[in-house]
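# Structural features, examined
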Amino acid sequence: MLGWLLVLSLLATVPVLIHLGGQTVEEGDDHSTNVFGLLFALAAVGVVLGPSLLATAGVHNGVRKLRLLRDDGSKTVWVRGRRLF
């Protein structure tokens, strides 16, 4: 789900980046450059993390990675999504 949201966020950030990139900035106007830098960073995160999260979504094991270890070293037992101690 997060992967799809990051990919869909590119539909908003990339056109705004193209629009802001074509504008001239007044000298000493730090706000415009800060907004452009923030949008560029968000677009870069969306380009990198979005497809990678979508590609690895099928191999996610869910909460089974969070099994607890008992004092004797054995793992807790999982039954239909519930942990039995």
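Check the entry above for the structure.
Here is a short report on the structure shown in this document. Just so we're clear, the structure is a prediction, and the values are computed from it rather than from any experiment.

### Observations regarding the overall build of the chain
Assigned secondary structure in the chain consists of two helices and two strands. Across the chain, helices and strands are ordered from the amino to the carboxyl terminus as α-α-β-β. When the 85 residues of the chain are sorted by exposure, 12% land in the buried category. For the chain, the proportion of contacts with a sequence separation of at least 24, taken over those separated by at least 6, is 36%.

### What to know about helix H2 (residues 30–55)
Here H2 is 26 residues long and its end C-alpha atoms lie 38 Å apart, about the 38 Å a rise of 1.5 Å per residue gives. Taken together, the buried positions of H2 are occupied by Leu39, Ala43, Gly46 and Gly50. Residues of H2 that are buried sit in contact with helix H1 (2–21).

### Side note on a nonpolar patch on the surface
A surface patch of nonpolar side chains, about 770 Å² in accessible area, is lined by Met1, Leu2, Leu5, Val45, Val47, Val48, Leu49 and Leu53. Only H1 and H2 provide two or more residues apiece to the nonpolar patch. The element best represented in the nonpolar patch is H2, accounting for five residues. Structurally, Leu5 is set in helix H1.

### Thoughts on H1
Between its terminal C-alpha atoms H1 stretches 27 Å, which fits the 28 Å expected from 20 residues at 1.5 Å a residue. The largest bend in H1 comes to about 30 degrees, at Leu11, with the proline Pro15 one to four residues further on. All of the buried residues in H1 are Gly3, Leu6, Leu10, Thr13 and Leu17.

### Re the side chain of Thr13
Topologically, Thr13 is positioned in helix H1. Contact partners of Thr13, with chain neighbours within four places excluded, come to Leu39 and Ala43.

### Brief notes about the environment of Thr33
Relative to the helices and strands, Thr33 is located in helix H2. Judged by its relative accessible area of 43%, Thr33 is partly exposed. Spatially, the C-alpha atom of Thr33 lies 9.2 Å from that of Leu20, the residues being 13 residues apart in sequence.

Rules and cut-offs
Residues numbered from 1 in each chain as written. Predicted model: local features only at pLDDT ≥ 70, side-chain atom pairs only at ≥ 80, totals over all residues. Heavy atoms only, no water. Helix = DSSP H or I, 4+ residues; strand = E, 2+ residues; numbered from the N terminus. Buried < 20%, exposed > 50% of the residue type's maximum accessible area, 1.4 Å probe, protein only. Contact = heavy atoms within 4.5 Å. Expected span 1.5 Å × (residues − 1). Patch = residues over 30% accessible without salt bridge, like charges linked within 9 Å, V, L, I, M, F, W, Y side chains within 5 Å. Areas by Shrake-Rupley, 256 points an atom, 1.4 Å probe, with all protein chains shown as cover. Salt bridge = Lys/Arg side-chain N within 4 Å of Asp/Glu carboxyl O. Bend = angle between axes of the 7 residues up to and from the residue.

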